[in-house]
Amino acid sequence: MLKSIALFRRRLAGWYQANRRDLPWRVSPDAPEDTAPNAYYVLLSEAMLQQTQVAAVVPYFHRFVAALPTLSHLAEAEEQLVLRLWQGLGYYSRARNLHATAKMIAAQMGGAVPQDVETLRT
């Protein structure tokens, strides 16, 4: 069983390396191996990608990050700006929840997106 899991992992990693798309929230394949993804970009992309196709999200992501480049900027932004930047993606509760999350992370976690799942779930 463990041997088949290890084989599956190797094959999946190989497939990903051969087929991955360059997306603005991912670490560049040219980056050093120990480079971590930008946690704010990942959080933002995950919220945007819920029930939305990747191709539709990319221009919104670029526009959003140009206006609110960091989690701190998002936390300090007026809700109307956040909703205006989100306009066209639909499901506006995602934008409101993302904004509330940014405020909470800024206020309670020193502005750093939690690295562990349990803390992030809070």
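Reading guide: rules and limits
- Residues numbered from 1 in each chain as written.
- Predicted model: local features only at pLDDT ≥ 70, side-chain atom pairs only at ≥ 80, totals over all residues.
- Heavy atoms only, no water.
- Helix = DSSP H or I, 4+ residues; strand = E, 2+ residues; numbered from the N terminus.
- Buried < 20%, exposed > 50% of the residue type's maximum accessible area, 1.4 Å probe, protein only.
- Contact = heavy atoms within 4.5 Å.
- Areas by Shrake-Rupley, 256 points an atom, 1.4 Å probe, with all protein chains shown as cover.
- Core = buried A, V, L, I, M, F, W, Y, C linked by side-chain atoms within 4.5 Å.
- Salt bridge = Lys/Arg side-chain N within 4 Å of Asp/Glu carboxyl O.
- Patch = residues over 30% accessible without salt bridge, like charges linked within 9 Å, V, L, I, M, F, W, Y side chains within 5 Å.

1. As for the overall build of the protein
- Along the protein, the regular secondary structure elements total 7 helices and 0 strands.
- Counting from the amino terminus, helix and strand elements in the protein follow one another as α-α-α-α-α-α-α.
- Each of the 122 residues in the protein was classed as buried or not, and the buried ones make up 27%.
- Counting contacts in the protein only where the partners sit at least 6 residues apart, residues at least 24 apart contribute 50% of the total.
- Total accessible area computed for the protein in this model is approximately 8,400 Å², and 55% of it derives from carbon and sulfur atoms.

2. Things to note about the nonpolar core
- Core analysis: the largest hydrophobic core is formed by 27 residues, its most contacted members being Leu 44, Met 48, Phe 64, Leu 68, Leu 74, Trp 86 and Leu 98.
- When residues of this core are traced back to their parent elements, those giving at least two are α2 (39-49), α3 (54-67), α4 (71-76), α5 (79-86) and α6 (92-108).
- Discounting residues that sit within four places of it in the chain, Leu 44 has contacts with Phe 61, Phe 64, Val 65, Trp 86 and Leu 98.

3. Regarding the side chain of His 99
- Following the sequence through the fold, His 99 ends up in helix α6.
- Aside from chain neighbours lying at most four places away, what touches His 99 is Leu 74, Ala 75, Ala 77, Glu 78, Glu 79 and Val 82.

4. A closer look at the pattern of salt bridges
- Using the criterion set out here, one finds 2 salt bridges in the structure.
- In this structure, Glu 79 and Arg 96 form a salt bridge, with 3.9 Å as the shortest nitrogen-oxygen distance. With Glu 79 in helix α5 and Arg 96 in helix α6, the pair connects residues that are 17 residues apart, well separated along the chain.
- Its relative accessible area of 40% is what places Arg 96 among the partly exposed residues.
- A salt bridge links Arg 121 to Glu 118; its shortest N-O distance comes to 3.1 Å. Highlighted residues: Arg 121 and Glu 118, both in helix α7 (residues 117-121), separated by 3 residues, approximately one helical turn.

5. Points about a nonpolar patch on the surface
- A cluster of nonpolar residues, Phe 8, Leu 12, Trp 15 and Tyr 16, forms a patch on the protein surface that exposes about 450 Å² of accessible area.
- Tracing the chain through its elements places Phe 8 in helix α1 (residues 2-19).

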